[in-house]
Amino acid sequence: MLLKVTQMFSEMKAEDFLEIQGSDPDTQKDLFKVLPSASYELISLDTSEKKGVGYYYRIRLKKRAKD
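Residues numbered from 1 in each chain as written. Predicted model: local features only at pLDDT ≥ 70, side-chain atom pairs only at ≥ 80, totals over all residues. Heavy atoms only, no water.

Mapping Gln28 onto the fold places it in helix α2 (residues 25-34). The residues touching Gln28, leaving out its near neighbours within four places in the chain, are Leu45, Thr47, Tyr55, Tyr57 and Ile59. (Helix = DSSP H or I, 4+ residues; strand = E, 2+ residues; numbered from the N terminus. Contact = heavy atoms within 4.5 Å.)

Printed below as a string of structure tokens:
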């Protein structure tokens, strides 16, 4: 999933939004390690952990224009 997200992000135009949803906390952490922080604006990061459902996250990013 991480490879697919990074490929999609690289193909995006400046000011486009990307929403990522998942249930693996390691993937969530790794995403912010592989995307350069200067390349995106974090719009929202929602997480929840419900008994019987498990861990879930939703991340919204906006791609920044290159300087």
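Buried within α2 we find Thr27, Gln28 and Leu31. Projected down its long axis, α2 shows its buried positions confined to an angular sector of 105°, all on one face. Turned more than 90 degrees from where α2 packs its buried face, Lys29 and Lys33 sit exposed. Here the buried face of α2 lies against α1 (2-11), β1 (17-22), β2 (40-50) and β3 (54-63). Capping the start of α2 is the job of one residue whose side-chain oxygen sits 3.1 Å from the backbone nitrogen of Asp26: Asp24. (Buried < 20%, exposed > 50% of the residue type's maximum accessible area, 1.4 Å probe, protein only. Arc of directions from axis to C-beta. Polar contact = N/O pair within 3.5 Å; in protein donor to acceptor, adjacent residues only side chain to side chain.)

With antiparallel pairing, three strands are arranged side by side in an open sheet as β1-β3-β2. Looking at the sheet topology across the chains shown, the edges are occupied by β1 and β2. Across the sheet, the axes of successive neighbouring strands diverge by a mean angle of 10°, strand direction being ignored. Judged from the ten bridges that link them, β2 and β3 form a sheet pairing that is antiparallel. (Pairing = 2+ DSSP bridges. Axes fitted to C-alpha atoms, helices over the stretch in contact; angles between N-to-C directions.)

This brings us to unusual backbone geometry. Its identity as a non-glycine residue notwithstanding, Glu15 has a phi of 80°, on the positive side. Tracing the sequence through the fold places Glu15 in the loop between α1 and β1.

A separate point is the packing of aromatic side chains. For the structure on display, the rule yields two aromatic pairs. Judged by centre distance (6.1 Å) and plane angle (45°), the ring pair of Phe32 and Tyr40 falls under tilted. Taking the relative accessible area as the measure of exposure, Phe32 reaches 27% and is therefore partly exposed. With a centroid separation of 6.3 Å and an interplanar angle of 45°, the aromatic rings of Tyr55 and Tyr57 are classed as tilted. Under the relative-accessibility criterion, Tyr55 is labelled partly exposed at 22%. (Phe/Tyr/Trp six-rings, centres within 6.5 Å; stacked < 30°, edge-to-face > 60°.)

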